[in-house]
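A structural walkthrough
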Amino acid sequence: MTVHFPFQNSYSALPDNFFARVAPTPVAAPRLIKLNRPLAALLGLDPDMLETPEGAEILAGKTVPAGADPIAMAYAGHQFGQFVPQLGDGRAILLGEVIDKNGVRRDIQLKGSGPTPFSRRGDGRAALGPVLREYIVSEAMFALGIPTTRSLAAVVTGEHVIRETALPGAVLTRVAASHIRVGTFQFFAVRRDTEALRRLAEHVITRHYPDLLHAERPYHALLAAVVARQADLVARWLLVGFIHGVMNTDNSSISGETIDYGPCAFMDAYNPAQVFSSIDEMGRYAYANQPRIALWNLTRLAECLLPLFSDDQEKAVAEAQDILGAFAETFSTAYQAGLRKKVGLFRERDGDEALIQDLLDAMAKNQADFTLTFRKLCDAAADEAGISDVRAQFMDPSAFDDWAKRWRERTALEPQAATERQSAMHAVNPIFIPRNHRVEAVIQAAVNDDNYAPFEELVKVLAKPYEDQPEHAAYADPPLPDQRVLRTFCGT
Ligand code: AMP
Ligand code: MG
């Protein structure tokens, strides 16, 4: 028996300048440390076969499975605002695409599988820490219901990668609706290759936005659709306290999935200016900046599409601006609707936005834990005694009292029973998020002690983020002062 991948590749059938054909570089001693069995099944892969030594060799890039057509994709990108005309997959190789059980085409990509023509000075490899981090956080995002790439497997390679020190090497198998980025469009736009841009746009429409195939102006409709998905995505990030950390245009997915988990983090205490990434010195990608940056990235996408809009540049620019203009409204509608749900409001009323903003302001001023404040509020909705647990999140607990009174008055205007409000709130306010200090501890145990038990347990808890799991209650706790992680690293 061999491991069967039902590949149906479409990207590698595009013109040669879209990618470089390159095989993964074999590694010394691959060892599977995690297989995402439910995801394997969803992809039509046999989890038992993937767990055999042959499966581990495939997931480490040591053997290329039948039907794969390994390529490194070409793309460009703005990194912290600076344009780089050629980036590309420097340490990732797309094995191919499969159609999953829901009929969705999915890329299967190895990350950390050796150098490609796009590696520049990089070694094409990944260290175990960042691989585990991406595995944990991407699967947590999925469980939270947020569009994201997923993690099928993690293997250690049996080799070391040299970063500041020698670290164990690893390969992540990443699954995505596609790996097409804003930067993929920029790659062709900067080369003034309008024909390639058209091919790419058509590929994207067919793959991600098939409803637009017969739109009157499909390229305009494509931009509008990506704007809508990104606006919705960023709203969802904010609603769970997620900070991507490197929202470069090459890390901005056209399908609207969260992609490229580097120095990403969930915040503990609510702070709109929060930054974790060690390389984000100016706070460009701070928590509350993310909507603005998403629009900035979409504006770069719009610039790429201008030649497809019209030969009349002025007209094309006006049309693009018009489409980008929808971002603010789409974002704010999604964000405000999400916030209303978080505080248990079923309908919209005048004054809701101000009411919720007052809560957020008090939380920021009092370093209230973002996740726990909302989670404890769910229970306060059902039981007055629960108020004390919310108060306890605030440095000065009395800062919550006036708000609590206003909130009671507001919720009393709705007919829903208290328990109905509580369960609706539980469904949108997670109790478990991948807290930085937990992620760090898991990585340390794996890297230093070859101990994956903490990783397994964290992944298991985070798979049900909205469910109270009393036996795992400690995973809900914020870090103690000496456990706080202040900086995260992209680890490339
Ligand atoms: P990232 O910051 O992970 O989004 O990566 C930015 C660019 O650097 C992409 O083109 C990556 O493929 C490339 N890159 C990152 N790490 C490596 C590495 N270890 N070897 C080669 N290329 C890399
Ligand atoms: Mg990237």
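Look above for the structure.
Basis of the calculations
Residues numbered from 1 in each chain as written. Chains lettered and ligands numbered in written order. Predicted model: local features only at pLDDT ≥ 70, side-chain atom pairs only at ≥ 80, totals over all residues. Heavy atoms only, no water. Near = heavy atom within 4 Å. Polar contact = N/O pair within 3.5 Å; in protein donor to acceptor, adjacent residues only side chain to side chain. Areas by Shrake-Rupley, 256 points an atom, 1.4 Å probe, with all protein chains shown as cover. Axes fitted to C-alpha atoms, helices over the stretch in contact; angles between N-to-C directions. Helix = DSSP H or I, 4+ residues; strand = E, 2+ residues; numbered from the N terminus. Contact = heavy atoms within 4.5 Å. Nonpolar A, V, L, I, M, F, W, Y, C, P; charged D, E, K, R; others polar. Buried < 20%, exposed > 50% of the residue type's maximum accessible area, 1.4 Å probe, protein only. Pairing = 2+ DSSP bridges.

1. With respect to the site of ligand 1
- The local shell around ligand 1 holds 18 residues, among which G88, G90, D123, G124 and N251 are the closest.
- In the model, an oxygen atom of ligand 1 is placed 3.2 Å from a nitrogen or oxygen of the R120 side chain.
- At a separation of 3.2 Å, a nitrogen atom of ligand 1 approaches a polar backbone atom of R125.
- For ligand 1, whose free accessible area comes to 480 Å², the fraction covered by protein is 84%.

2. Points about the packing of helix α16 (residues 436-449) against helix α17 (residues 453-462)
- Across the interface, α16 lies against α17 with an axial gap of 8 Å and an inter-helix angle of 150°. Together, R438, V439, V442 and A445 of α16 and P454, F455 and L458 of α17 make up the contact between the two elements.
- Looking at the contact of α16 with α17 residue by residue, the class counts come to six nonpolar, no polar and one charged.

3. A closer look at unusual backbone geometry
- Its identity is not glycine, yet R120 carries a phi of approximately 45°, on the positive side.
- Mapped onto the elements of the fold, R120 is located in the loop between β7 (105-111) and β8 (126-127).
- For R120, a relative accessible area of 58% gives the class exposed.

4. Notes on the environment of H4
- Following the sequence through the fold, H4 ends up in the segment before β1 (19-21).
- Judged by its relative accessible area of 56%, H4 falls in the exposed class.
- When the C-alpha atoms of H4 and L45 are compared, they prove to be 6.9 Å apart, with 41 residues separating the residues in sequence.

5. Things to note about the pairing of strand β9 (residues 150-162)
- Here strand β2 (residues 31-35) runs beside β9; their pairing, made up of four bridges, is antiparallel. Paired with L32 across the two strands is V155, which belongs to β9.
- Across nine bridges, the pairing between β9 and strand β10 (residues 166-176) is antiparallel. If you follow V161 over to β10, its bridge partner there is L167.
- What sits between β9 and β10 in their antiparallel hairpin is a turn of three residues.

Any link to function would need more than the numbers given here.
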